[in-house]
Amino acid sequence: MKILLVEDEKKVASFIKRGLEEEYYTVDVAFDGKSGRELALSQEYDLIILDIMLPFINGITLLKTIRENKISTPVLLLTARQSVESKVEGLDSGADDYLTKPFAFEELLARIRALLRRKESEKSLSLRAADLVMDLQTHSVTRNGLAISLTPKEYAVLEFLLRNKNKVISRTRLSEHVYDYHFDTDTNVIDVYINKLRNKIDKDFDRQILFTIRGVGYSIKDN
């Protein structure tokens, strides 16, 4: 799952980003409304966390721009304002939920999980390929009933491939989804993670599901 965090307080942003990455999310961070708008309109995210008080473009204006561009990504507003009016304004502008600062990180995680469950309500809460199963709620992965331990980055790579099962995903597209927008797509880091994944999900099993398509990219196949 890839999240856009638009927060101008750098210490707060760093804390949230680190915590979310430990929970297997991929996070892009923007420190003002202008750069947040550029990312929100040009990248694909599963969730946007948006502070209201931002430099250049405030959060409410940015939220309206996102909705005007027909982007239906769930938006969680962060606000230091306690007034009912400001919360109503945010919800009326297209926010899906709000959280008042200061907040406990566990509550932020709970709000995120609720919004993502709502988004996935018409879909399965697990991803599958052959006998491999990824539980999106517990972040657990099994194959043929055997538990497979993955690092957050390995999990992110596998999740994106499973969400695009039977399709060929380029190294560039995969790296852009798993890492933030500053990532150098010319490095071989993705190849390293693919090799680690192959050793964990394919090596000791009779049937191969992770494939390298030379010169093109990678694919998870179950047929």
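Keep in mind that this is a model prediction, so the values were computed, not measured. (Residues numbered from 1 in each chain as written. Predicted model: local features only at pLDDT ≥ 70, side-chain atom pairs only at ≥ 80, totals over all residues. Heavy atoms only, no water.)

1. What about the sheet that holds strand β7 (residues 132-135)?
Now for step 1: With antiparallel pairing, the four strands of this open sheet are ordered in space as β6-β7-β8-β9. In this open sheet, the two edge strands, each paired with only one partner strand, are β6 (126-129) and β9 (146-148). Strand after strand, the sheet turns through a mean of 25° between neighbouring axes, direction not considered.
Now for step 2: Of the strands in this sheet, β6, β7 and β8 (141-143) touch helix α6 (residues 152-163), which is tilted by about 110° from β7. (Pairing = 2+ DSSP bridges. Helix = DSSP H or I, 4+ residues; strand = E, 2+ residues; numbered from the N terminus. Axes fitted to C-alpha atoms, helices over the stretch in contact; angles between N-to-C directions. Contact = heavy atoms within 4.5 Å.)

2. A short note on the layout of surface pockets
Now for step 1: Of the volumes computed, that of the largest pocket is approximately 660 Å³.
Now for step 2: Around the largest pocket sit 30 residues that line it, and E44, Y45, D46, K119 and H177 are the ones nearest its centre.
Now for step 3: When contributions to the lining of the largest pocket are tallied by element, the ones reaching two or more residues are α2 (33-42), α5 (105-119), β6, α6 and α7 (171-178).
Now for step 4: Across the lining of the largest pocket, the residue classes break down as ten nonpolar, eight polar and twelve charged. (1 Å grid on protein atoms, 1.4 Å probe; cavity = no way out; pocket = protein on both sides within 12 Å on 5 of 7 lines; lining within 4 Å. Points joined across faces, edges and corners; volume = space filled by probe spheres on them. Nonpolar A, V, L, I, M, F, W, Y, C, P; charged D, E, K, R; others polar.)

3. What about the environment of K221?
Now for step 1: Position of K221 among the secondary structure elements: in the segment after β11 (217-220).
Now for step 2: For the pair formed by K221 and Q208, sequence separation is 13 residues and the distance between their alpha carbons is 8.3 Å.
Now for step 3: With residues near it in sequence (within four places) discarded, K221 still touches N166, I209 and F211.

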